[in-house]
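# Residue-level structure breakdown
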Amino acid sequence: MATYDVIVVGGGVGGCIAAALLSKLGRRVILLEKYPQLGGRVHPVDYQGYTLDLGAHLIEDTGSGICRIYEFLGKKIEVGAVSDALPVFADGKWKHIGEVFRGNKSTFKSVIKELVSSDYSEFDGYDHLPLRAWLLERNADQGTIDFFEFLAALEQITDQWFDHSASENLYVRKMHYEEKGMAGYSFWPKGGYENLFNQLKEAIEENSGEVRTETEVSQVLVEDGKVLGVVARPAKRDVVNEYSYGEVLEASVVISNLPVWSVLNIIPQGALPSWYVDIIRSVASEKNKACWIGIYAGSEEPIIAKSEKELCAWIETPRTGLPGFSFTVSNYDDSVAPDGKHLFVCGFSCKAEEIRDKAWLRNMFHNIEADLEDMFPSFKRTLWRKKHTVLEPAFGLQGKPGVVGRFRPDFVAPNVDGLYFVSDTFRGRGIGIDKVSRTALSCVERIQGEKIPFFDKTWRY
Ligand SMILES: Cc1cc2nc3c(=O)[nH]c(=O)nc-3n(C[C@H](O)[C@H](O)[C@H](O)COP(=O)(O)OP(=O)(O)OC[C@H]3O[C@@H](n4cnc5c(N)ncnc54)[C@H](O)[C@@H]3O)c2cc1C
């Protein structure tokens with residue numbers, strides 16, 4: 001029976017980072033991933049010479065998160081193109097963000113000053129609170145409120161003001177203002193996303209760790225409140241109804257990278273306390289999923305509003321009434337499209353139940369295409385269009401009060417020694433890729449029993 005110090009189940013961002021950090025720290029690690037490639041929701045797909053990515057678009061790390069973790073591993077995320085403008089479609093035309101949200105300058109400055117000077121730990125106290133409540137307590141004017149809420153709708157994939165959590169939004173704004181001096185910062189990693197996962201695999205293997213793809217974990221083994229290991233089997237079956245118990249791999253520490261929607265499938269019933277299972281089930285409710293519907297398109301000319309490296313946004317478009325974003329990916333990285341061609345992507349936030357309504361979906365895609373043609377004249381001349389829904393998998397969880405931060409299931413399993421959960425749907429802060437990277441770091445430090453001094457300036461739990 002093979003024995004390891006740590007078994008990591010799942011090779012998404014969180015699983016790979018946890019495995020790479022623990023290997024670097026001298027633990028004997030094996031990472032098990034059911035698909036042939038690492039990456040999870042970050043998954044580049046070739047289509048007619050273009051590279052579409054299932055999940056990842058831009059990384060929102062100002063330097064202290066995932067980028068710093070790569071440095072510790074002796075690897076590098078090279079910041080490629082950075083978004084340099086946020087044009088907003090409002091009243092039938094594209095406007096500079098400052099034209100749309102005109103807050104009182106001194107109020108705005110005092111809110112930012114308070115934000116930057118506050119400690120990240122204070123935000124834990126606002127996990128239950130809507131962002132608007134926090135801003136009103138500071139006497140913020142309507143323009144300032146509208147600006148903060150606009151960014152909240154974009155980043156947390158929530159469009160109702162009462163669904164914008166104060167803690168998540170304040171955390172991201174503080175990080176962006178403090179580390180980069182701007183409201184929003186996002187970049188494309190040079191060399192694309194495949195390069196990021198190749199580097200993590202290298203980091204694991206250089207430090208005597210093992211990566212096994214096409215291997216599915218069917219069960220985490222727990223006995224007398226202690227983790228014993230996992231049962232793993234080949235993900236591919238020769239016959240669809242084939243039965244294979246699989247192989248037992250032993251370890252006293254198991255980290256699950258599975259999201260709340262599927263994690264309970266691999267944990268034996270009764271191993272976790274019922275209150276903790278209830279938190280997982282409640283957070284996993286479909287009404288908390290961050291969803292959108294969108295279109296990838298190939299074109300001869302970039303589909304932009306004002307400038308190449310912009311990230312376009314809208315509070316609602318005339319026919320859909322939905323908020324959303326778009327950008328020309330090939331302006332950030334020309335290798336994602338054939339020479340002389342462009343790749344465009346956009347997303348319109350909506351509810352999971354709307355995506356499940358076939359009539360709504362058909363009608364909405366019709367409206368989206370008509371709106372995009374009005375908003376971007378070059379959209380009329382696309383070479384191809386690919387519609388997609390972001391539901392299974394979803395982007396993640398919405399950043400709603402009561403569904404963020406300390407309301408999420410902790411990454412340390414209660415009542416089971418050696419069991420940990422690293423996923424963007426468990427405890428963490430921030431956005432997508434960067435959020436789960438920081439959760440992985442927090443979890444690794446908890447396993448090690450100490451903070452790693454290299455990350456002194458990195459916020460994490
Ligand atoms: C359309 C879309 C756009 C996005 N855009 C952005 C963006 O621009 N910026 C950003 O920061 N984030 C973005 N995200 C979010 C980001 O992709 C996720 O936050 C991040 O990838 C989550 O990583 P994770 O490690 O938590 O989980 P996952 O990526 O879900 O990884 C879980 C892994 O576990 C594996 N697994 C599951 N079950 C088993 C099993 N039984 N045995 C073995 N392996 C198993 C899965 O195959 C998977 O590899 C986007 C997501 C989507 C869907």
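If you're wondering where the values come from, they're calculated on a predicted model, not measured in any experiment.

Below, the discussion takes up the packing of helix α1 (residues 13-24) against helix α8 (residues 192-206). Running from N to C, α1 and α8 cross one another at 30 degrees; their axes reach a closest spacing of 8 Å. Comparing the axis directions of α1 and α8 gives the class roughly parallel. The two elements α1 and α8 meet at a crossing, and its hand is left-handed. When α1 is examined against α8, the residues V13, C16, I17, A19, A20 and S23 are found in contact with a partner set consisting of F197, L200, A203 and I204. Of the residues belonging to the contact of α1 with α8, the class tally is 9 nonpolar, 1 polar and no charged.

Ranked by size, the top nonpolar core spans 96 residues in total, and within it I17, W134, F148, L170 and I255 carry the most contacts. With 8 residues, the top contributor of residues to this core is α1. Setting aside its immediate chain neighbours within four residues, W134 contacts V111, E114, L115, Y126, L129, A166 and L170. Counting 32 residues, the second largest nonpolar core, distinct from the first, contains V220, L272, Y276 and V277.

Under the definition given, this model contains 34 salt bridges. The salt bridge involving K190 is made with E78; its shortest N-O contact spans 3.7 Å. Of this pair, K190 sits in the loop between β8 (187-189) and α8 while E78 sits in the loop between α2 (66-72) and β5 (79-82); the two residues are 112 residues apart in sequence, bridging distant segments of the chain. With a relative accessible area of 39%, E78 lands in the partly exposed category. A network of salt bridges, in which partner residues are shared, links D124, D127, E168, R406, R429 and K435.

The next point concerns the domain arrangement of the protein. Per the domain assignment, the segments making up the protein are domain 1 (3-78 + 191-284 + 399-455), domain 2 (99-180) and domain 3 (286-396). Each of domain 1 and domain 2 has a C-alpha centre, and the two are 30 Å apart. Contacts between domain 1 and domain 2 engage 19 residues on the former and 21 residues on the latter. Counting each side, the surface lost to burial between domain 1 and domain 2 is near 1,600 Å², with a carbon and sulfur contribution of 52%. Connecting domain 1 to domain 2 are 5 salt bridges. In this structure, R429 and D127 form a salt bridge, with 2.9 Å as the shortest nitrogen-oxygen distance. Between domain 1 and domain 2 we count 13 residue pairs in polar contact (both at pLDDT 80 or more) in total. Class assignment of the residues belonging to the side of domain 1 that touches domain 2 gives a composition of 4 nonpolar, 8 polar and 7 charged.

Below, the discussion takes up helix α12 (residues 432-448). The end-to-end C-alpha separation of α12 is 24 Å, in line with the 24 Å expected for 17 residues at 1.5 Å each. With 15 of 17 residues buried, α12 lies mostly within the body of the structure. Looking one or two residues beyond α12, the residue adopting positive phi is G449, at roughly 80 degrees.

In the vicinity of the ligand, 33 residues are found, and the nearest of them are E33, R41, G55, L58 and D424. Between the ligand and V13, the relevant distance is 3.2 Å, taken from an oxygen atom to a main-chain nitrogen or oxygen of the residue. At a separation of 2.7 Å, a nitrogen atom of the ligand approaches a polar backbone atom of L58. When the ligand is considered free in solution it has 1,000 Å² of accessible area, and contact with the protein chains removes 94% of it.

What counts as what
- Residues numbered from 1 in each chain as written.
- Predicted model: local features only at pLDDT ≥ 70, side-chain atom pairs only at ≥ 80, totals over all residues.
- Heavy atoms only, no water.
- Axes fitted to C-alpha atoms, helices over the stretch in contact; angles between N-to-C directions.
- Helix = DSSP H or I, 4+ residues; strand = E, 2+ residues; numbered from the N terminus.
- Parallel < 35°, antiparallel > 145°, perpendicular 65-115°, else oblique.
- Left-handed = near helix turned anticlockwise from the far one by under 90°.
- Contact = heavy atoms within 4.5 Å.
- Nonpolar A, V, L, I, M, F, W, Y, C, P; charged D, E, K, R; others polar.
- Core = buried A, V, L, I, M, F, W, Y, C linked by side-chain atoms within 4.5 Å.
- Buried < 20%, exposed > 50% of the residue type's maximum accessible area, 1.4 Å probe, protein only.
- Salt bridge = Lys/Arg side-chain N within 4 Å of Asp/Glu carboxyl O.
- Domains from an automatic or database assignment.
- Buried area = accessible area lost by both parts, 1.4 Å probe.
- Polar contact = N/O pair within 3.5 Å; in protein donor to acceptor, adjacent residues only side chain to side chain.
- Expected span 1.5 Å × (residues − 1).
- Near = heavy atom within 4 Å.
- Areas by Shrake-Rupley, 256 points an atom, 1.4 Å probe, with all protein chains shown as cover.

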